[in-house]
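# Analysis of the macromolecular model
If you want the building blocks of each chain, they are given just below.
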Amino acid sequence: MLYCQQCKKQAATVHVTEIDQGEKRERHLCQNCAEEKGYTAEKVVPFGKSLAGFIVQNVGAKELAELTCPHCELTFVEFRNSGLLGCPGDYDAFERALVPLIERAHEGTSHHVGKIPRRLGTPRPLENDLVRLRGELTKAVNEEKYEQAATLRDQIKTLETES
Amino acid sequence: MIDDLIQKPAEWLRGEGPMSDIVISSRIRLARNVAGFPFLSRATDEQRCELTSILRSNIDGAATGGQWTYLDIEKLDELDRQILVERHLVSRNHAESKGSRGASVSKNERVSVMVNEEDHLRIQVLRSGLQLREIWEEINHIDDKLEDRIDFAFHPRYGYLTACPTNVGTGIRVSVMLHLPGLKLTGEIEKVFRAAKDMRLAVRGFFGEGTEATGDFFQISNQTTLGRTEEEIIDGFSRQVIPRIIEYENIERRKLLEGRVLALDDKIWRSYGVLKHCRTISSDETMLHLSHLRMGVNMGRIKILDLATVNELFLLTQPAHLQKFFGSRLNGEQRSEARADCIRRRLTES
């Protein structure tokens, strides 16, 4: 059993990963000590905030501070503090900052392969091919088959230009 | 509606369905937002009300499998809202937030569609035992019917758009509630936690998000919603994760029966004794003893009770249910007394 780093008596049930100026720090605390330190159940993972350091590293702080959605006027800083987006348009408005964050939360991917609304029709063969190829690419990279990955990447690029 | 609800146990606690000795319930929820509206954190009060009225009328038209009742959560009193949380029909967050919001609930309590939760719509289907494939068929059908009426926010790259990017893509959350007293008793439960973490699954307590995984009840759910199809996510649970945990739990139960049967029986019957004769009891202690009783029934060590009675007690001993039955507001101390009364009465009747 992992014990709380603070009181060293209770089991650690709250696990917090903080990224501060590029440095990753993990804390393992029991419920009580976590609450004392301000990590209450709701506050444990304010999605945007815990990843703030990560995003700044990838996109640049100044550029981020200026990002504002033209539709709902939410700023990226506001999203970072609440963890909640303001409107569907934010996904495009904050794209550059959001993609690394989405990929981190979803095992390295930012492409939907699931259900598509019926009103948009059945997916075109091209889209299906892309979905399949992207899946194969992830698998190839995970299995360290880099030659195969390079071929797949080229195929994806060609298909993307066609679409 | 609430008064009708509490007259019978929730269907998901009936103790039926495959693997119900270990799997208490299975749940799938889908997050959806209406295209052309801001997410709720940026919606004005007027837009919130407009969303409620659009969604409410369209949900009525999409109802499947019997009648659904729409509950105006904003107008319900605190106790009634709490009843819905205890029956897993709405989230704690939905019960406690503010502004125009509601939930459409099917009569058998299998389906609940929350309006204006974190997303405009949170559709959930909940059933007893391990029934994820069946639930997916049901919820997918409801989603299709809703989609015939409402345009949901959808992006060609990111899929269904949600207020929090952790839900984007499929918007799916698959959760399975497990009763694992064997693994807990033999101290092997930590291995399950570690394996779940490696597979990027979240482990929570009896009441889901924000509750600690204490006692012998664990809710396991996916965290990744993007990059895999709904079927892949569900199959991962139904074919790999859950069967393996069930197998481990059964191995530990067999070990207990082979080597520690006296200690096991002692634990079960002591818990029965406490519950049958206590005069005041906290909710944590109740959960602990009910868990032993449930284990005793499922392992054939205690035959004077059935699973449905034990399961029902989990619900009846929750704070709001107790107060509803006793017909008055009770403080903590009074609740402990009322809880002991309620349990004693049930165990004597059965």
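Criteria and thresholds
Residues numbered from 1 in each chain as written. Chains lettered and ligands numbered in written order. Predicted model: local features only at pLDDT ≥ 70, side-chain atom pairs only at ≥ 80, totals over all residues. Heavy atoms only, no water. Helix = DSSP H or I, 4+ residues; strand = E, 2+ residues; numbered from the N terminus. Expected span 1.5 Å × (residues − 1). Buried < 20%, exposed > 50% of the residue type's maximum accessible area, 1.4 Å probe, protein only. Contact = heavy atoms within 4.5 Å. Buried area = accessible area lost by both parts, 1.4 Å probe. Salt bridge = Lys/Arg side-chain N within 4 Å of Asp/Glu carboxyl O. Polar contact = N/O pair within 3.5 Å; in protein donor to acceptor, adjacent residues only side chain to side chain. Nonpolar A, V, L, I, M, F, W, Y, C, P; charged D, E, K, R; others polar. Axes fitted to C-alpha atoms, helices over the stretch in contact; angles between N-to-C directions. Parallel < 35°, antiparallel > 145°, perpendicular 65-115°, else oblique. Pairing = 2+ DSSP bridges. Domains from an automatic or database assignment. Phe/Tyr/Trp six-rings, centres within 6.5 Å; stacked < 30°, edge-to-face > 60°.

## Side note on helix H10 (residues 283-298) of chain B
Residues and elements named next belong to chain B.
- Here H10 is 16 residues long and its end C-alpha atoms lie 22 Å apart, about the 22 Å a rise of 1.5 Å per residue gives.
- Here H10 has its buried residues at Thr286, Met287, His289, Leu290, Ser291, His292, Leu293, Arg294, Met295, Gly296 and Val297.
- In the segment just after H10, Gly300 is the residue with positive phi, at about 70 degrees.

## A closer look at the side chain of Arg32 of chain B
- Mapped onto the elements of the fold, Arg32 of chain B is located in strand S1 (residues 23-32).
- Relative accessible area serves as the criterion here: at 1%, Arg32 of chain B is assigned to the buried category.
- Apart from the residues within four sequence positions on either side, Arg32 of chain B is in contact with Lys115 of chain A together with Asp119, His120, Leu121, Ile123, Asp143, Phe152, Tyr160, Thr170 and Gly171 of chain B.

## Things to note about the interface of chain A and chain B
- Each side of the interface is counted separately: chain A has 39 residues, and chain B has 42 residues.
- For the pair chain A and chain B, the summed buried surface comes to about 3500 Å²; carbon and sulfur atoms form 57% of the total.
- Run the count over chain A and chain B and you get eight salt bridges.
- Close ionic contact of Arg228 of chain B with Glu107 of chain A constitutes a salt bridge, the shortest N to O distance being 2.7 Å.
- Along the contact surface separating chain A from chain B lie 26 residue pairs in polar contact (both at pLDDT 80 or more).
- Every element with two or more residues in the side of chain A that touches chain B is listed here: helix H5 (76-82), helix H6 (90-93) and helix H7 (95-105) of chain A.
- Of the residues belonging to the side of chain A that touches chain B, the class tally is 19 nonpolar, 10 polar and 10 charged.

## Comments concerning the packing of helix H12 (residues 319-326) of chain B against helix H13 (residues 332-349) of chain B
Residue and element names in this part refer to chain B.
- At a minimum axis separation of 10 Å, H12 and H13 run at an interaxial angle of 80 degrees. By the angle between their axes, H12 is roughly perpendicular relative to H13. Every residue of H13 that contacts H12 at Pro319, Leu322, Gln323 and Phe326 is listed here: Arg335, Ala338, Arg339, Asp341, Cys342 and Arg345.
- Here the contact of H12 with H13 is built from residues that sort into five nonpolar, one polar and four charged.

## With respect to the sheet that holds S1 of chain B
Residue and element names in this part refer to chain B.
- Pairing is antiparallel across the open sheet formed by eight strands, whose spatial order is S2-S3-S4-S5-S1-S8-S10-S9. The sheet is open, and its two borders are formed by strand S2 (68-72) and strand S9 (201-204), each paired with just one other strand. Between one strand axis and the next, the sheet turns by 20 degrees as a mean value, whatever way the strands run.
- Inspection of the sheet shows strand S8 (residues 172-179) paired to strand S10 (residues 217-222) by five bridges, in the antiparallel sense. Paired with Met177 across the strands is Gln219, a residue of S10.
- The strands touched by helix H8 (residues 230-259) within the sheet are S1, S8, S9 and S10, with S8 carrying the most contacts at an inclination of about 10 degrees.

## A short note on unusual backbone geometry
All names here are of chain B.
- Notably, Met19 is not glycine yet its phi reads approximately 60 degrees, a positive angle.
- Relative to the helices and strands, Met19 resides in the loop between helix H1 (2-5) and S1.
- In this structure Met19 comes out as partly exposed when scored by relative accessible area, which is 44%.
- Residues other than glycine seldom take positive phi values, yet Arg200 does so here, at roughly 55 degrees.

## Remarks on the domain arrangement of chain B
Residues and elements named next belong to chain B.
- Per the domain assignment, the segments of chain B are domain 1 (2-252) and domain 2 (261-349).
- The C-alpha-based centres of domain 1 and domain 2 are spaced at 27 Å.
- Every contact between the two is made by 25 residues of domain 1 and, on the other side, 22 residues of domain 2.
- Interface area for domain 1 against domain 2, summed over the two sides, is near 2100 Å², with a carbon-plus-sulfur share of 67%.
- Ranking the residues of domain 1 by area buried against domain 2 places Leu13, Leu79 and Glu86 at the top, with a combined share of 27%.
- Counting across the domain 1 and domain 2 interface gives two salt bridges.
- Across the pair Lys324 and Asp80 runs a salt bridge whose closest N-O atoms are separated by 2.5 Å.
- For the interface between domain 1 and domain 2, the tally reads 11 residue pairs in polar contact (both at pLDDT 80 or more).
- Here the residues of the side of domain 1 that touches domain 2 are counted per class, giving 13 nonpolar, four polar and eight charged.

## Concerning the packing of aromatic side chains
- If you walk through the whole model with that rule in mind, you get seven aromatic pairs over all chains.
- Pairing Phe217 of chain B with Phe314 of chain B gives two aromatic rings, centres 5.0 Å apart and planes at 80 degrees, and the pair type is edge-to-face. One end of the pair, Phe217 of chain B, is in strand S10; the other, Phe314 of chain B, is in helix H11 (residues 307-316), with 97 residues separating them in the sequence. Here Phe217 of chain B matches Phe314 of chain B in class, with each residue buried.
- Ring pairs connect the aromatic residues Phe76, Phe79 and Phe94 of chain A, which therefore count as one cluster.

## Some details on helix H5 (residues 132-149) of chain B
- The terminal C-alpha atoms of H5 of chain B lie 26 Å apart, and with 18 residues this matches the ideal 26 Å at 1.5 Å per residue to within 8%.
- Considered for burial, the residues of H5 of chain B that qualify are Leu132, Ile135, Trp136, Glu138, Ile139, Asn140, Ile142, Asp143, Asp144, Leu146 and Glu147 of chain B.

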